[in-house]
Amino acid sequence: MATAKKAQIKGSQQVYSLAQDIKKYSLRDAGFTEKKSGKFQLERSLDPNVSSNVSMKLKIVVDADLKKFKMSTTTANGLKEVNIFKTGNVDTQAEQLGYLINDLQEREIIKKV
């Protein structure tokens, strides 16, 4: 999946973009880690009751220039994108996803389009 100015979670109708005044320190404060390539990556479990090694994840990658990003829900190993709205534990995962997205909006990292 390539980075873009707008992104959405598979199965969701809501589209997001990066906030205009996003800063690198804001990303670090929110839990993003900086990779050797300069990109920032965030991975969060979508099931707080299960080990992060077996739970689906929210994965967000922001380009080094802070202009483009990609956002997806993935399998536990992070390699395959999944639609959490068609899996077994939809309510818990959707609630956790909403909480994580709201936190990023409050921190002014992403915004609804």
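Scroll up for the structure.
Everything numeric in this text was worked out from a predicted model, so none of it was measured. (Residues numbered from 1 in each chain as written. Predicted model: local features only at pLDDT ≥ 70, side-chain atom pairs only at ≥ 80, totals over all residues. Heavy atoms only, no water.)

K.L.:
Sorry, what's going on with the overall build of the protein chain here?
P.N.:
Secondary structure summary: the protein chain contains 2 helices and 7 strands in total. Considered along the principal axes of its C-alpha atoms, the protein chain spans approximately 35 × 30 × 25 Å. The long-range fraction of contacts in the protein chain, counting pairs at least 24 apart against all pairs at least 6 apart in sequence, stands at 53%. Summed over its atoms, the accessible surface of the protein chain is roughly 6,700 Å², and 45% of this surface lies on carbon and sulfur atoms. If you average the places of the 20 positive and of the 13 negative side-chain charges in the protein chain, the two averages end up 8 Å apart. (Helix = DSSP H or I, 4+ residues; strand = E, 2+ residues; numbered from the N terminus. Contact = heavy atoms within 4.5 Å. Areas by Shrake-Rupley, 256 points an atom, 1.4 Å probe, with all protein chains shown as cover. Lys, Arg positive; Asp, Glu negative; His and termini not counted. Charge placed at Lys NZ, Arg CZ, Asp CG, Glu CD.)

K.L.:
How should the layout of surface pockets be read in this particular structure?
P.N.:
Over the atoms rolls a probe the size of a water molecule, and its path tells where empty space is left. Of the pockets and cavities examined, the largest pocket occupies roughly 200 Å³. Lining the largest pocket, in full, are Lys5, Ser17, Leu18, Ala19, Gln20, Ile22, Leu66, Lys67 and Lys111. (1 Å grid on protein atoms, 1.4 Å probe; cavity = no way out; pocket = protein on both sides within 12 Å on 5 of 7 lines; lining within 4 Å. Points joined across faces, edges and corners; volume = space filled by probe spheres on them.)

K.L.:
Could you clarify how one ought to interpret the side chain of Asn83 in this entry?
P.N.:
Along the chain, Asn83 falls in the loop between strand 6 (69-74) and helix 2 (90-106). By relative accessible area, Asn83 is classed as buried at 17%. In terms of polar contacts, Asn83 uses its side chain to reach the backbone amide nitrogen of Phe85, at 2.9 Å. Ignoring sequence-local partners within four residues, the contact set of Asn83 consists of Lys10 and Gly11. (Buried < 20%, exposed > 50% of the residue type's maximum accessible area, 1.4 Å probe, protein only. Polar contact = N/O pair within 3.5 Å; in protein donor to acceptor, adjacent residues only side chain to side chain.)

K.L.:
What am I meant to see in the nonpolar core here?
P.N.:
Note on soluble globular proteins: their nonpolar side chains tend to be buried together. One finds Phe32, Leu58, Ile60, Val62, Phe69, Met71 and Ile110 to be the most contacted residues of the largest nonpolar core, which totals 26 residues. Contributions of two or more residues to this core are made by strand 2 (16-18), strand 4 (40-45), strand 5 (57-62), strand 6 and helix 2. Considering every element that reaches this core, the biggest residue donor is helix 2, with 4 residues. With residues up to four places along the chain from it excluded, the contact list for Phe32 reads Leu27, Phe40, Gln41, Leu42, Ile60, Val62, Leu104 and Ile109. (Core = buried A, V, L, I, M, F, W, Y, C linked by side-chain atoms within 4.5 Å.)

K.L.:
Any chance you could explain the sheet that holds strand 3 (residues 33-34) here in plain terms?
P.N.:
The strands making up a sheet associate through hydrogen bonds between their backbones, and the pairing can be parallel or antiparallel. Spatially, 4 strands are ordered 3-4-5-6 in an open sheet, and the strand pairing comes out antiparallel. Each of the sheet's edge strands pairs with one partner strand only, and the pair in question is strand 3 and strand 6. In the sheet, strand 4 pairs with strand 5 via 6 bridges, with the strands oriented antiparallel. Counterpart to Arg44 in the pairing with strand 5 is Leu58. (Pairing = 2+ DSSP bridges.)

K.L.:
What is the right way to look at unusual backbone geometry in this model?
P.N.:
The bulk of non-glycine residues show a negative phi, and the bulk of peptide bonds are trans. A positive phi angle, close to 60°, is found at Leu66, a residue other than glycine. One non-glycine residue, Glu108, lies in the positive phi region at around 60°. When you line up the elements, Glu108 lands in the loop between helix 2 and strand 7 (110-112).

K.L.:
Could you clarify how one ought to interpret the environment of Lys39 in this entry?
P.N.:
For Lys39, the position within the fold is in the loop between strand 3 and strand 4. Sequence separation between Lys39 and Tyr16 is 23 residues, and the spatial gap between their C-alpha atoms is 18 Å. Setting aside its immediate chain neighbours within four residues, Lys39 contacts Thr33, Glu34, Val61, Val62, Asp63 and Ala64.

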